[in-house]
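So the chains spell out like this:
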Amino acid sequence: MIARLTDSEIAAAAQELGHWQVSADRTALQRDFRFRNFSEAWAFMSRVALLAEAQDHHPEWSNVYNRVSIRLTTHDCRGLSARDLRLARDIDAIA
């Protein structure tokens, strides 16, 4: 079983990952990205898809033209886990 983050771990993560928002129910991280055009947004999504597949941890996301919205949560623990934090950091590194 994957361990769910504690409230103090979530608070620390929120400080570290300043661009990500913790959902109101504290079960997910959310971030919106904006690019110059659809092509750049799609290229970003392709890079994220490769990261997610390598980590076997897949985001909930959507794309509309130049915008990409990502929500990270770990369904196995019904909340946030270290897997979400790792993927958020890796996404930030390529954004």
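Above this note sits the structure.
Anyway, here's the lowdown on the structure attached to this text.

Cut-offs applied
- Residues numbered from 1 in each chain as written.
- Predicted model: local features only at pLDDT ≥ 70, side-chain atom pairs only at ≥ 80, totals over all residues.
- Heavy atoms only, no water.
- Salt bridge = Lys/Arg side-chain N within 4 Å of Asp/Glu carboxyl O.
- Helix = DSSP H or I, 4+ residues; strand = E, 2+ residues; numbered from the N terminus.
- Buried < 20%, exposed > 50% of the residue type's maximum accessible area, 1.4 Å probe, protein only.
- Phe/Tyr/Trp six-rings, centres within 6.5 Å; stacked < 30°, edge-to-face > 60°.

Brief notes about the pattern of salt bridges
At step 1: Going through the model one piece at a time under the given rule, you end up with five salt bridges.
At step 2: The closest approach of N and O atoms between Arg 26 and Asp 7, which form a salt bridge, is 3.6 Å. With Arg 26 in the loop between strand S1 (21-22) and strand S2 (29-34) and Asp 7 in helix H1 (residues 7-16), this residue pair connects regions lying 19 residues apart in the sequence.
At step 3: We classify Asp 7 as exposed; its relative accessible area is 55%.

Concerning the packing of aromatic side chains
At step 1: Per the counting criterion, the structure on display carries five aromatic pairs.
At step 2: Taking 6.1 Å as the distance between ring centres and 75 degrees as the angle between the ring planes, the aromatic pair formed by Trp 20 and Phe 33 counts as edge-to-face. Of this pair, Trp 20 sits in the loop between H1 and S1 while Phe 33 sits in strand S2, placing them 13 residues apart in sequence. The same class applies to Trp 20 as to Phe 33, namely buried.
At step 3: Counting every residue linked through ring pairs, the aromatic cluster contains Trp 20, Phe 33, Phe 35 and Phe 44.

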